[in-house]
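Topology and contacts: notes
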Amino acid sequence: MLNTIYTKHIMSLKILLALFFLITFIYFIFRPFNSNYAKLLLLVGSFFGAIFSYNTKLIASISGSLGLEKTMDLVVYIFGVLTFLFTIFVLDKFKKIDDTLNKIAKSKTYISKK
């Protein structure tokens, strides 16, 4: 009896996670983005999140075919790559903001010198 309750809770958690990722996937399709890379990264992440949260055997077979013993290793590697890409994206965004602020400051000082 305890095993069936546990199985029901796990299945409902899988369904809730898959629905969460599908809703975010649909939201990111219609949300306007300034960067196509950010949109692509979020779409791919939410798509694979939905697939992997509902079908855990798929991620286990993928990690096995890559030669990894544990499924969690693949999840950590994917998370690491996505974190790296997100960090690069954020740093690029900060660089653009900094360049824009420098241009504004230079134009202000040029106008005030006249």
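Going by the structure above, here's the rest.
The text that follows walks through the structure, step by step, so that each part is easy to find. (Residues numbered from 1 in each chain as written. Predicted model: local features only at pLDDT ≥ 70, side-chain atom pairs only at ≥ 80, totals over all residues. Heavy atoms only, no water.)

This next bit is on the side chain of serine 46. Locating serine 46 in the fold gives a position in helix α2 (residues 36-54). In this structure the side chain of serine 46 is engaged in a polar contact, spanning 3.1 Å, whose partner is the backbone oxygen of leucine 43. Those residues in contact with serine 46 that sit more than four places away from it in its chain are Phe21, Thr24, Phe25 and Phe28. (Helix = DSSP H or I, 4+ residues; strand = E, 2+ residues; numbered from the N terminus. Polar contact = N/O pair within 3.5 Å; in protein donor to acceptor, adjacent residues only side chain to side chain. Contact = heavy atoms within 4.5 Å.)

So, on to the packing of aromatic side chains. Enumeration according to the criterion identifies four aromatic pairs in this entry. Ring geometry for phenylalanine 20 versus phenylalanine 21: centroids 5.4 Å apart, planes at 65°, classification edge-to-face. Pairing phenylalanine 48 with phenylalanine 52 gives two aromatic rings, centres 5.7 Å apart and planes at 20°, and the pair type is stacked. Placement of both phenylalanine 48 and phenylalanine 52 in helix α2 is noted, with a separation of four residues, approximately one turn of the helix. Looking at phenylalanine 52, the relative accessible area reads 17%, which means it is buried. Cluster of aromatic residues (ring-pair linked, three or more members): Phe25, Phe47, Phe48 and Phe52. (Phe/Tyr/Trp six-rings, centres within 6.5 Å; stacked < 30°, edge-to-face > 60°. Buried < 20%, exposed > 50% of the residue type's maximum accessible area, 1.4 Å probe, protein only.)

Computed from the structure, the largest pocket encloses a volume of approximately 430 Å³. Every residue lining the largest pocket is counted, 15 residues in all, and those nearest its centre are Gly45, Gly49, Val75, Ile78 and Leu82. For the lining of the largest pocket, the secondary structure elements donating two or more residues are α2 and α4 (71-113). Tallying contributions element by element places α2 first for the lining of the largest pocket, with seven residues. Grouping the constituent residues of the lining of the largest pocket by class yields ten nonpolar, five polar and no charged. Looking at the second largest pocket, its volume works out to about 220 Å³. Arg31, Pro32, Phe33, Asn34, Ser35, Tyr37, Ala38, Phe89, Asp92, Lys93 and Lys96 together form the lining of the second largest pocket. Of all elements in the fold, only α2 and α4 reach the threshold of two or more residues within the lining of the second largest pocket. In terms of residue count, α4 provides more of the lining of the second largest pocket than any other element does, four residues in total. Per-class residue counts for the lining of the second largest pocket are five nonpolar, two polar and four charged. (1 Å grid on protein atoms, 1.4 Å probe; cavity = no way out; pocket = protein on both sides within 12 Å on 5 of 7 lines; lining within 4 Å. Points joined across faces, edges and corners; volume = space filled by probe spheres on them. Nonpolar A, V, L, I, M, F, W, Y, C, P; charged D, E, K, R; others polar.)

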